Amino acid sequence: MSTSAQATNSQLRIVVVGNGMVGHHFVDQLIEHNTSVGADNSALHISVLSAEPRLAYDRVHLSEFFSGKSADELALTTPEYYQQHKIDYKLNAAVTHIDKVAKTVTTVQGEVLSYNKLILATGSYPFVPPIPGNDQPHCLVYRTIEDLEAISASSKVSKIGVVVGGGLLGLEAANALKEAGLETHVVEFAPQLMAVQVDGGGGRLLRSKIEALGVKVHTQKATQTIEAGDVCRYKMCFADGSFLETDMILFSAGIRPQDKLAREFDIAIGERGGIVVDNHCQTNIDDIYAIGECALWNNFIFGLVAPGYTMARVAAAHILGGDQTFLGADMSTKLKLMGVEVGSIGDAHAKTAGALCYTYENQASAVYKKMVVDSSKKKLIGAVLVGDTSDYDTLLQYALNGIDLPEHPEALILPASGGAKPGLGADALPATATICSCHNVSKGDIIAAFDGGACSLSDIKSCTKASSGCGGCSALLKSVCDAELSKRGVEVKKDICEHFAYSRQELFHLVKVGKLQTFDELLTKHGKGLGCEVCKPAAANILASVWNEFILKPDHVSLQDTNDTYLGNMQKDGTYSIIPRIAGGEITPDKLIVLGQVGKKYNLYTKITGGQRIDLFGARVDQLPEIWKILIDAGFETGHAYAKSLRTVKSCVGSTWCRYGVQDSVGQAIELENRYKGLRSPHKLKFAVSGCTRECAEAQSKDIGIIATENGWNLYVCGNGGMKPRHADLFATDLDTETLVKYIDRVLMFYVRTADRLQRTSVWMENLEGGLEYLKQVVIEDSLGLGAELESQMQVVVDAYQCEWKTAIENEESRKRFRQFVNSDKADTNIVFVEERQQIRPATPEEKASFTQQQQAKRIAVELV
Amino acid sequence: MTNSTNWITVCQESDLVANSGVCALINEQQIALFKVKNAGQEQLFAISNWDPIGEANVLYRGLLCSVGDTVAVASPLYKQRFCLSSGTCLDSDDVTIKVYPIRLENQAVQLQVSQ
Ligand code: SRM
Ligand SMILES: Cc1cc2nc3c(=O)[nH]c(=O)nc-3n(C[C@H](O)[C@H](O)[C@H](O)COP(=O)(O)OP(=O)(O)OC[C@H]3O[C@@H](n4cnc5c(N)ncnc54)[C@H](O)[C@@H]3O)c2cc1C
Ligand code: SF4
Ligand code: FES
C-alpha cells in the first residue's frame, strides 16, 4: 500500500526511514509546519518508508494489547491523516540501500526515491542472546504488534512461560504471560531485577513483591542451551548445572540500535553500535540525520520515547532553519510494574565519585527508598524508590534543578507521620522547574501568567490549569504563588483571623508595647467584630505570657478554650480529666494514696500518663472544684495538662540511685519544672533531664532536653514527639546550672515572643531565618542585646505564678462557673459509664440508647417552642 | 407554670456570664444561654445544649465568635460553629440545632414555652 504525491522541483524532498514512534513524531512536526505556512503551496515533500505493515503505533503502551486494546486503538495516526497532509507513505517497505552521492534510497521492492534530507528513524531491535536453540518456534521477542500476536498464539498452547531478562521490559513481559494464565518465570543473569534502574536493596524488595504475585524469579542464571524438554516443550540448561522446563521462552535481554543501513553504507556508528549524531541530530554525512533509539548521542542511546521526541523536534527545526539543540535527556523513570511502584532517578547506583547514600527500608510495609547525594551533601544526584513513589516528584525537582538540599536531607524520604514534609522553598526553584506535572506548568509559566495579569492563586489555577489534575502539586503551587506575589509587593496575609489583621507575633508586640491588659482593649484598639475561637485563645495566651494574671479573672474568662476555662481537658462525653503536677515524676507514697482515695471516692478512671504522672478521668464539671479542693489540701497543684504551657519535666532516676548517673537528674528536673510551670506559650512545652548519656528520660525528644555530663549539663533544644517527631539539637555543652537556666530562660522567652500560634519549638526554630545558628547567636552570644530583657520577663512570669485551681476554688465567683445548670443541681444524664477492667469508661452510643429508653419512660414531656 | 404569655423564668441576669455561656435545665431539656456584649449592646440567646456532632451536652462551654455579622458558638469538642440566632451549623450544611425565644424581664431571664 502506498500513496504518491509527486514532488515538484522547487520542493525540499524529505525521506524518513522508519515509522515508529519517533519517526512519526518527526513527520508530525513537519505537518504542523506545513499547516502553519499553508499546505497547498508547501515547500516540503515528505516520504515515509516503513518496514512494518502498519503506520506508527504506541509502543509504550504495547502491553495493553493483551488487555484487549486493538492495533487500531494503539495507532498514533491513520492513513487518512497522512493522505490529507500529502505525506507519501509506503508500508512493508524496508529500505535496503542508500546512495549518498546520488542522494537516493532503495526499498526492498526495488523502488528508488531521491532525497534532499534523509532521516533515519529505524529504532532498535530486541537482543536475543546467542544461545544454541534460541531460534525454535516458541522462542519469541516483545517489540511489535506481530510479536504480541505470536505470544498470544503460543500462550494458548503453553502452560509454562519463561522470560529471559529481568529488566523493565522483561517484567512487563512477565506480567503479560501471567495475565495470559501461564506459570511464569523470570530468568536473570544479574544478581537482581531491574539492575539498570534500582540498586541491590531496591532489587531485593522488588523481587519479594513480584514473587508474592506468583512469578518465580531466578537470578544469576546464565542460559547455555535450549534443548527438548522432558515434561514441557523445552528445557533451559543453565551454566550452574541447574535447568528449567518451559513451553515458551520470551527474550527480553535488552535492545540494540537498528543501525544496519548505516553500517553497510558507511555512516559513522559507535563502537558498540548506534548511529553517531551531533547536537542537531546530524550524522557525519551531510543531509543525513538520525533520531530515536537508533541514534547515538555523546556515546549514549536513549531507550525512552521522550528523548526521541526531543530529537525529532531538534532535527525538524534544523531542517527548517531553526537552531534547537539536543543536549541529552533525563532517564529518570517512575512506573508501576504488576502493581508495584518503582522509581529511579539519575545516578541510582551511586557511581559518582564521593557520592553518599541515605537509605530507608521498611520491610513491614515493603517500602525501600534511597537517595544519592554528592560529596558535599548539597545536591541530590540519584534516587531509588520501590513500593512507594510518592516522593518521586519532589526528589526529581531537587535532582533536575540542582536545588540545594535541606539540612537534614533524609527527611525527604522518611515517612512524615501527619505533618507535611520539608517543602521546597519556592525561591530555590529555577524558572524551568515543573510545578504541575499533570499539566506541564513550569515556574516560568506561572511567572508569565502573573506578568500577564493574574493576581491570585485562583487566577493562576484557572489560566494555567495547574493543580487541576491529580492535585499533588497544590502545596508547591501555593508557595510559588505566595513567593511571587510577595515579590510583587502584594501582601500575603498572615492574619490570624478575620478579627485581627495581624500575626501572633505582631499581636504580642501590640500587647506588650501598648501595655494592653484585656482582650476588649486589644479588640477595640486593633480589631473588629467579637473575636472568635482562633483569636480569643491566642490573645488569652499572649496576655498570660506577658502579664501572667489569673486566667479566670472576669476579663479573661470568655477567652479561654474550654480546657482552660474549666482547668481540665474535656473528654469525648463532656467530662473532664484531672492531672495534678507531679514534678519530675517524683511522688511520695502519701500523695499516691491520696490520688487513690480520690479516684475511689469519685469513681474516676485512673491511668499513668505518658508524661510520668497520673490522670484521673470521668469527673463531671460540677465535681471538679471539690475534687481539686481535696487534692490541693493534700499538697497537689494543677498540672496545666489543659494549657499551652509547660507540661512535664520527665526525669530518670539519676546519680542518687543509678550506678551510672553523673548528676542528680531528678533534682534538676524538679527545679526546672517548678521554675517554668505556668508559663503560657504558643504551644505546649515538654522537658526532660537524663542523668547520663544513656538517656533514659528521652531528653532528645523534648522541646528542652538536658543530659548530665561529668562536668555539668548538655542542653538540647527544639525536639518533640507527637505527630511529626524531631530530635532536639545540641545547643550548648557542659553548662553549670546557672548558665543552663539562663539559656533556657532566653530560648523560651524568645520563642514565646516570636512564634506563631500553635507552633511548637521545632517548627518555630526551623522557620527562624538562620535556624539553630541564629538562635545560638541570640541566646549564647546575645547578638540582639535582648538577653537581659528576656531573662527579666521570664522572672516576671515566674514570680507571678499561682496555682490556678487554688485561686479558682477560693473564689466564689469563679467557682460558680463549675455548675452544670444555673437552675438545678441535677447532673447531665447523657454522661453514662459502664465498667471495663474494674474501672469506668464512657458508654458507647448503643449502650446509652438502651439506658435512656428506661429513663425516657419517666420523663414528662413539655415541649418548648 | 405556663401563663397566658407562656414565658417562664429560668434564672437571674446575674447568673449569666458576659460573652460566654451557662446552661439551664427545663423539663429535662438542656438549654445553653448566652449573653453577648456587642458595641455597647447586650443580646441574649438560647440554643439547645446538645452538640449533635460531638454527641455531648457541651455547647454552653464553647467559645463565642463572630463570623462577619453572624454571632456563633464554637463547640468545645470539635470546634464546629453554630449560629446563635438560627441554630444552623456554619461548618456542616445539613446540621441545625434548636433555638429558643429568650428575653429579660426585670432582671429575670425568661424562655418561651409552648402551651
Ligand atoms: C494523658 C496523655 C495520654 C496518656 O494517657 O498517657 C495525653 C493526652 C492527651 N494529649 Fe498527648 N497526652 C499525653 C502525653 C503525650 C506525649 C508523651 C510525653 O509527653 O512524653 C506526647 C508526645 C510528646 C510530645 O508532645 O512531644 C503527646 C502528644 C500529643 C499531641 C501532639 C503534639 C505534637 O506536637 O505533635 C497532642 C495534640 C496537640 O497538642 O495539639 C496531644 C494532645 C492530647 C490531648 C490534650 C488531646 C485532647 O485535647 O483531648 C489529650 C488530653 C487527655 C487528657 O484529658 O488529659 N498530645 N502527648 C498524656 C499526658 C501526659 C501528661 O502527664 O501530661
Ligand atoms: C513493550 C515496550 C514498552 C515500553 N515502555 C516504555 C515506557 O514506558 N516509556 C518509554 O519512554 N519508552 C518505552 N518503551 C520504549 C519506546 O517504545 C521506544 O523508545 C520508542 O518506541 C522508540 O521509537 P523509535 O521510533 O526510535 O523506534 P521504534 O518505535 O522501534 O520504530 C522504529 C521503526 O523503524 C522501522 N525500521 C527499522 N529498520 C527499517 C528500515 N531499514 N526501513 C524501514 N523501516 C525500518 C521498524 O520496523 C520500526 O517500525 C517501550 C518499548 C516496548 C517495546
Ligand atoms: S494519642 Fe490521641 S487518643 Fe491517645 S491520648 Fe493522645 S490524643 Fe488522646
Ligand atoms: S501535578 Fe499538578 S495537578 Fe497533578
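Residues numbered from 1 in each chain as written. Chains lettered and ligands numbered in written order. Predicted model: local features only at pLDDT ≥ 70, side-chain atom pairs only at ≥ 80, totals over all residues. Heavy atoms only, no water.

Peer 1: What exactly am I supposed to notice about the overall build of chain B here?
Peer 2: Along its length, chain B carries 0 helices and 12 strands. Element order for chain B, N to C, with α for helix and β for strand: β-β-β-β-β-β-β-β-β-β-β-β. For chain B, the proportion of its 115 residues judged to be buried stands at 57%. Taking contacts inside chain B between residues at least 6 apart in sequence as the whole, the part at least 24 apart equals 41%. Carbon and sulfur atoms provide 43% of the accessible area of chain B, an area that totals close to 4,900 Å². (Helix = DSSP H or I, 4+ residues; strand = E, 2+ residues; numbered from the N terminus. Buried < 20%, exposed > 50% of the residue type's maximum accessible area, 1.4 Å probe, protein only. Contact = heavy atoms within 4.5 Å. Areas by Shrake-Rupley, 256 points an atom, 1.4 Å probe, with all protein chains shown as cover.)

Peer 1: Could you clarify how one ought to interpret the environment of A:Tyr743 in this entry?
Peer 2: All names here are of chain A. Locating Tyr-743 in the fold gives a position in helix 21 (residues 737–754). Measuring from C-alpha to C-alpha, the distance between Tyr-743 and Phe-731 comes to 9.4 Å, with 12 residues separating the pair along the chain. Setting aside residues no more than four positions away along its own chain, Tyr-743 makes contact with Leu-715, Ala-732, Leu-735, Val-779 and Ile-780.

Peer 1: What exactly am I supposed to notice about the interface of chain A and chain B here?
Peer 2: Buried accessible area, meaning the area lost when the parts come together, often serves as the stated size of an interface. Listed as interface residues are 42 residues of chain A and, on the opposing side, 50 residues of chain B. Contact between chain A and chain B buries roughly 3,600 Å² in total, counting both sides, with carbon and sulfur atoms accounting for 52%. The salt bridge involving A:Arg819 is made with B:Asp15; its shortest N-O contact spans 3.5 Å. Counting across the chain A and chain B interface gives 17 residue pairs in polar contact (both at pLDDT 80 or more). Its residues assigned to classes, the side of chain A that touches chain B comprises 16 nonpolar, 13 polar and 13 charged. (Buried area = accessible area lost by both parts, 1.4 Å probe. Salt bridge = Lys/Arg side-chain N within 4 Å of Asp/Glu carboxyl O. Polar contact = N/O pair within 3.5 Å; in protein donor to acceptor, adjacent residues only side chain to side chain. Nonpolar A, V, L, I, M, F, W, Y, C, P; charged D, E, K, R; others polar.)

Peer 1: Any chance you could explain the site of ligand 1 here in plain terms?
Peer 2: Residue and element names in this part refer to chain A. Around ligand 1 lies a shell of 21 residues, among which Gln-571, Ser-577, Thr-609, Gly-610 and Arg-613 are the nearest. Note that an oxygen atom of ligand 1 is positioned 2.6 Å from one of the side-chain N or O atoms of Ser-577. One of the side-chain nitrogen or oxygen atoms of Lys-607 is found 2.8 Å away from an oxygen atom of ligand 1. Broken down by class, the residue content of the shell around ligand 1 amounts to 3 nonpolar, 11 polar and 7 charged. (Near = heavy atom within 4 Å.)

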